[in-house]
Amino acid sequence: FVWFNLALQPHNKPMIYTVAALAGFFAVATIPAFYELAVEVTYPTPEQNSTGVLTLVGQGVVFGFVPLLNALKDPKTESMTNGIWVLTGGVALSTLLVLCFRGRYRRYEAEQAFHMDHSSFGA
């Protein structure tokens, strides 16, 4: 996102398209990891509930960010640079929070315990 914001400065359209494609490629690839993390830390809750709540919160955040980013738009040049810096900070903060997470993976532990208890059936 920092690269995207810097690419916007010279108004170089091929660079903007390339950076946007790469940012979208890597951002979309992290979504399943966030869903899996949410499912792991809310184990006794069914997967549908945790992913549904995560999707609902994500939609709420977008609903809040659109007016915020529109308010940050430069009225003279119609530049979204300030808004993209806010998004960059949000992405950096969420990445830092996920990297600092050291909770228990309860679903994984339960699956391992289940496999250990039922491993003698095949023998």
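Sequence positions are assigned chain by chain, starting from 1 and proceeding in written order. The predicted origin of the model limits local features to residues at a pLDDT of at least 70 and limits the giving and counting of side-chain atom pairs to 80 or more, whereas totals for whole chains, interfaces and linings rest on all residues. Where side-chain values are given, they derive from all heavy atoms of the structure, hydrogens and water being excluded.

Here the focus is the overall build of the chain. Tallying secondary structure elements over the chain gives 5 helices and 0 strands in all. Its helices and strands in sequence order give the chain the pattern α-α-α-α-α, from N to C terminus. Sorting the 123 residues of the chain into buried and exposed places 14% on the buried side. Only heavy atoms matter for contacts: two residues are in contact if any of them lie within 4.5 Å across the pair. Considering only residue pairs separated by 6 or more positions, the chain has 49% of its internal contacts joining residues 24 or more positions apart. With an accessible surface of roughly 9200 Å², the chain has 70% of that area assigned to carbon and sulfur atoms. Going along the chain from the N terminus, every DSSP run of H or I of four or more residues is numbered as a helix, and every run of E of two or more is numbered as a strand. Partly exposed describes any residue whose relative accessible area lies between the buried limit of under 20% and the exposed limit of over 50%, with all areas from a 1.4 Å probe on protein chains only and scaled to the type maximum. Here the accessible surface of atoms and residues is derived via Shrake-Rupley with a 1.4 Å probe, and residues count as covered only by protein chains that are part of the display.

Further remarks concern a nonpolar patch on the surface. Like-charged residues within 9 Å of one another, or nonpolar side chains (Val, Leu, Ile, Met, Phe, Trp, Tyr) within 5 Å, are grouped into patches, provided each residue has over 30% relative accessible area and no salt bridge. A side-chain nitrogen of Lys or Arg and a carboxyl oxygen of Asp or Glu constitute a salt bridge if their distance falls within 4 Å. A surface patch of nonpolar side chains, amounting to about 530 Å² of accessible area, comprises Trp3, Met15, Leu22, Phe25 and Phe26. Among the elements that line the nonpolar patch, the one with the most residues is helix H2 (residues 13-41), at 4 residues. Take Phe25: it is sitting in helix H2.

Another aspect to go through is the layout of surface pockets. Computed over the protein atoms alone on a 1 Å grid, cavities are sets of points where a 1.4 Å probe fits but cannot get out and pockets are open sets with protein on both sides within 12 Å along at least five of seven lines; a residue lines them when it has an atom within 4 Å of a point. Grid points are joined across faces, edges and corners, and a volume is the space filled by probe spheres set on the points. What the largest pocket holds in volume is close to 1300 Å³. Along the wall of the largest pocket there are 33 residues; nearest its centre are Thr30, Ile31, Phe34, Val91 and Ser94. Those elements that place two or more of their residues in the lining of the largest pocket are helix H1 (2-8), H2, helix H3 (47-72) and helix H4 (81-100). Of all the elements, H2 adds the most residues to the lining of the largest pocket, at 12 residues.

Overall, the prediction assigns the chain a mean pLDDT of 78, with 89% of residues at 70 or greater. Think of pLDDT as the predictor's per-residue confidence, scored from 0 to 100. Mean pLDDT per element in the chain: H1 is the minimum at 69, and H3 is the maximum at 85.

Another aspect to go through is the packing of H2 against H3. It is the contact of H2 with H3, at a shortest axis distance of 9 Å, that shows an interaxial angle of 130°. When the interaxial angle is binned, H2 and H3 end up oblique. Seen along the crossing, H2 lies across H3 with a hand that is right-handed. Contacts from Phe34, Tyr35, Ala38 and Val39 in H2 reach Glu47, Ser50, Thr51, Leu54 and Thr55 in H3. Axis angles are defined between N-to-C directions and span 0 to 180 degrees, where every axis is a line fitted to C-alpha atoms and, for a helix, only to the segment in contact. Roughly parallel here means an angle under 35 degrees, roughly antiparallel means over 145, roughly perpendicular means 65 to 115, and every remaining angle is called oblique. Two helices that cross are described as forming a left-handed crossing if the nearer one is turned anticlockwise from the farther one by less than a right angle, and a right-handed crossing if clockwise.

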